[in-house]
Amino acid sequence: MSRNAQAFEEPILEVQAALEGLKAQPENPRTTKEIQKLEQKLAKLQRDIYANLTDWQRCLVARHPNRPYTRDYVEQLFVDFEELHGDRRFADDPAIMAGFARFRGQTVAIIGHQKGRDMKAKLYRNFGMPRPEGYRKAMRIMQLAEKFRRPIICMIDTPGAYPGIDAEERGQAEAIAYNLWAMARLKVPIAVIVIGEGGSGGALALGVGDHIAMLENSVYSVISPEGCASILWKDASQMEQAAEALHLTSRKLLKLGLIDSIIEEPLGGAHQDPVEMAKRVGDHIAAWLQDSFGVSDSERVALRYQKFRAMGIYSEVG
Amino acid sequence: MTWFIKKSEPIKVQKEKTVIVPEGMWQKCPSCREIIYRKELVRNDNVCPKCDYHFRIDPKERYDSLFDDSRYTYLHTSVRSTDPLTFKGLKKYRDQVKSLEKRGLEHDAVHVARGAVGGIDTIIAVMDFNYLGGSMGSAVGEKITRAIETGLEDRVPVIIFSCSGGARMMEGALSLMQMAKISAALARLSDAGVPFISVLTDPTTGGVTASYAMLGDINIAEPKALIGFAGPRVIQQTIKQELPEGFQRSEFLLQHGMLDAIVSRSEMKQKLVRYLTFLAPVTD
């Protein structure tokens, strides 16, 4: 566990370890009191540390190895999930998972980036970095949802689209571009939830929806802080400054009008209580589904257009 | 004991090809290193007579060569970049924008103009690499979106000459979202049956390639242009291998089915007129 922890989590982990040690002992009034005290200390510690995270530290939380991934939410929230594979053109890309499932009685399409937990799974999922066939699979499932009139839920969690020779050969740029174009035209409701890392175009290719939410500690950015630092500071180790400058946190993006809502995370981040986190995501989806009923298809497409049309801050002279 | 010894050579980063424009009479071709007489280069549409490398040209030169009698009107010139994130890298973004405007680059990284091309009323957007590497920020996104919307309202075909390193980092996710904004506008244009032709020039990478540059009814490129999603250096750092010869050049993209044709500068107008005629909306 501590091997995975980020440096700023160390004090939390120490108290957690002490607590576990105490709880393992036979119960007596003294330890009970001690446990109570430690639990209060832990809660305060988590509150303090998480209230004062730097933007870079939030990137680390978004990338936390124990953070729930798309599959974790699918398992917690949906019943009868059936994964559907392949883009029907070239291959199946495990960096994106897609399929249909039932959510509180209603059938929905669910599409999301998928990272791997252990090294073998990480390699299999290509660290959540899709190739073109991943985006084409995603679009195929979205078009199925359109045909059979089922709402679409997209979960974003990727460092970015895969930068490799094969990906370029098969049209990484075209695959992303086509998704942006086609998602703007879909008539069915589309919810987008950034659950971890929103890495640039590779994230946006699943991100053109009617409602865009971010988990509190997730990030969404045009470039990784490391990449930005190496270009604009000529030094990749300036990523802390770059993270601050890029405005990639949920609160900053809400202020800029680029997202619609923030889903608060349990104390200490989603990875501290994945069950509670999934419950909150579920409640968010349920409320969104409820809201989307009253809107007609043409109205929905027009609203989605206006939403993205309004994005951007510029000035006008004369 | 190891059977194979891994040579620990540092990753070779290809030196950026910089075009030093001398005041003098001669210019070196960044592709074949030939020394070319400037007047000859200009006579040859700024194309290297030896290797056919297409030098980057100013939007104005592009317009003069495309619009009939070099007559056209600029559109949407009032849109300017601001500094929404008060971004400061090694330089302040605000200062960069100011000094570019002082240098007379008030069009930001994209110019929009309207005029007749072979007698066909056409809107042409041309990106300018001299303005922060042709990067796409909010102003670029807004200008291109307005160009598309004008095309939609007046049922006038739209052509975009891309030349860009991608989204503008200094505006963060605001830049990223321009990809979605422009693509959504193009979807409307497409539904209305108004043609959009994308012309990719050297270089077109990142968020520009991964949005409008790849969404043309017809996608064409100038010869030997660098075109890709990820830049070659990023790919090299990721896979730690030498990249194949000609990788991510126009010819490579044509071979892999991403382009309809490669069109040299001397033929550009003639071909565009032909495409516009083929795709002209049928009036009934």
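Residues numbered from 1 in each chain as written. Chains lettered and ligands numbered in written order. Predicted model: local features only at pLDDT ≥ 70, side-chain atom pairs only at ≥ 80, totals over all residues. Heavy atoms only, no water.

Asker: Explanation requested: the pattern of salt bridges in the structure shown.
Answerer: Residue and element names in this part refer to chain A. A complete count under the given rule lists 42 salt bridges over all chains for this structure. Of the charged contacts, one joins Arg 170 and Glu 133 as a salt bridge, the two residues approaching to 2.6 Å between their closest N and O atoms. Within this pair, whereas Arg 170 is found in the loop between helix 7 (165–169) and helix 8 (172–183), its partner Glu 133 is found in helix 6 (residues 132–147), the two being separated by 37 residues in sequence. The two residues Arg 170 and Glu 133 agree in class, both being buried. The closest approach of N and O atoms between Arg 251 and Glu 216, which form a salt bridge, is 3.1 Å. Placement of the pair is Arg 251 in helix 12 (residues 250–255) and Glu 216 in the loop between strand 6 (211–215) and strand 7 (219–221), with a sequence separation of 35 residues. A residue is classified by how much of its surface remains accessible, and Arg 251, at 44% relative accessible area, is partly exposed. (Salt bridge = Lys/Arg side-chain N within 4 Å of Asp/Glu carboxyl O. Helix = DSSP H or I, 4+ residues; strand = E, 2+ residues; numbered from the N terminus. Buried < 20%, exposed > 50% of the residue type's maximum accessible area, 1.4 Å probe, protein only.)

Asker: Help me out: how do you make sense of the packing of aromatic side chains in this one?
Answerer: To describe a pair of aromatic rings, one takes the distance between the centres and the angle between the planes. Under the counting rule described, the total for this entry stands at 12 aromatic pairs over all chains. Between the aromatic rings of Phe 8 of chain A and Tyr 50 of chain A, the centroid separation amounts to 6.2 Å while the plane-to-plane angle is 75°, which identifies the pairing as edge-to-face. Here Phe 8 of chain A, found in the segment before helix 1 (10–24), pairs with Tyr 50 of chain A, found in helix 2 (residues 29–51); they are 42 residues apart in sequence, far enough to count as distant. Like Tyr 50 of chain A, Phe 8 of chain A is buried. Between Tyr 72 of chain B and Tyr 74 of chain B, the aromatic rings sit 5.5 Å apart at their centres with planes inclined by 90°, giving edge-to-face as the arrangement. What links up through ring pairs into an aromatic cluster is the set Tyr 63, Phe 67, Tyr 72 and Tyr 74 of chain B. When the ring centre of Phe 129 of chain B is taken as origin, the NZ or CZ atom of Arg 56 of chain B, which lies over that ring, is 4.1 Å away. Over the face of the ring belonging to Tyr 305 of chain A we find Arg 188 of chain B, whose NZ or CZ atom lies 3.7 Å from the ring centre. (Phe/Tyr/Trp six-rings, centres within 6.5 Å; stacked < 30°, edge-to-face > 60°. Lys NZ or Arg CZ within 6 Å of the ring centre and 35° of its normal.)

Asker: Got a minute to help me understand the pairing of strand 9 (residues 218–221) of chain B in this structure?
Answerer: The side chains of a regular strand alternate between the sheet's two faces. Residue and element names in this part refer to chain B. Neither face of strand 9 is open: one carries Ile 218 and Ile 220, the other Asn 219 and Ala 221, and all of them are buried. Taken together, the 2 bridges between strand 9 and strand 10 (residues 261–262) define a ladder with parallel strand orientation. The partner of Ile 220 across the bridge, within strand 10, is Ala 261. (Pairing = 2+ DSSP bridges.)

Asker: Looking at this structure, I do not really get a nonpolar patch on the surface. What am I missing?
Answerer: On the surface, a nonpolar cluster with roughly 300 Å² of combined accessible area is contributed by Met 119, Leu 123 and Phe 127 of chain A. Following the sequence through the fold, Met 119 of chain A ends up in helix 5 (residues 119–124). (Patch = residues over 30% accessible without salt bridge, like charges linked within 9 Å, V, L, I, M, F, W, Y side chains within 5 Å. Areas by Shrake-Rupley, 256 points an atom, 1.4 Å probe, with all protein chains shown as cover.)

Asker: I keep staring at the nonpolar core and nothing clicks. Help me out?
Answerer: Membership of the largest hydrophobic core comes to 136 residues, with the highest contact counts inside it found for Ile 111, Met 142, Ile 152 and Tyr 220 of chain A together with Tyr 212 of chain B. Counting residues per element, this core draws most heavily on helix 5 (residues 172–191) of chain B, which supplies 12 residues. Dropping the residues within four chain positions of it, Ile 111 of chain A is found in contact with Ile 96, Met 97, Ala 98, Ala 138, Ile 141, Met 142, Ile 152, Ile 153, Cys 154, Met 155 and Leu 206 of chain A. Core analysis: the second largest hydrophobic core is formed by 25 residues, Val 74, Ile 110, Ile 263 and Met 277 of chain A among them. (Core = buried A, V, L, I, M, F, W, Y, C linked by side-chain atoms within 4.5 Å. Contact = heavy atoms within 4.5 Å.)

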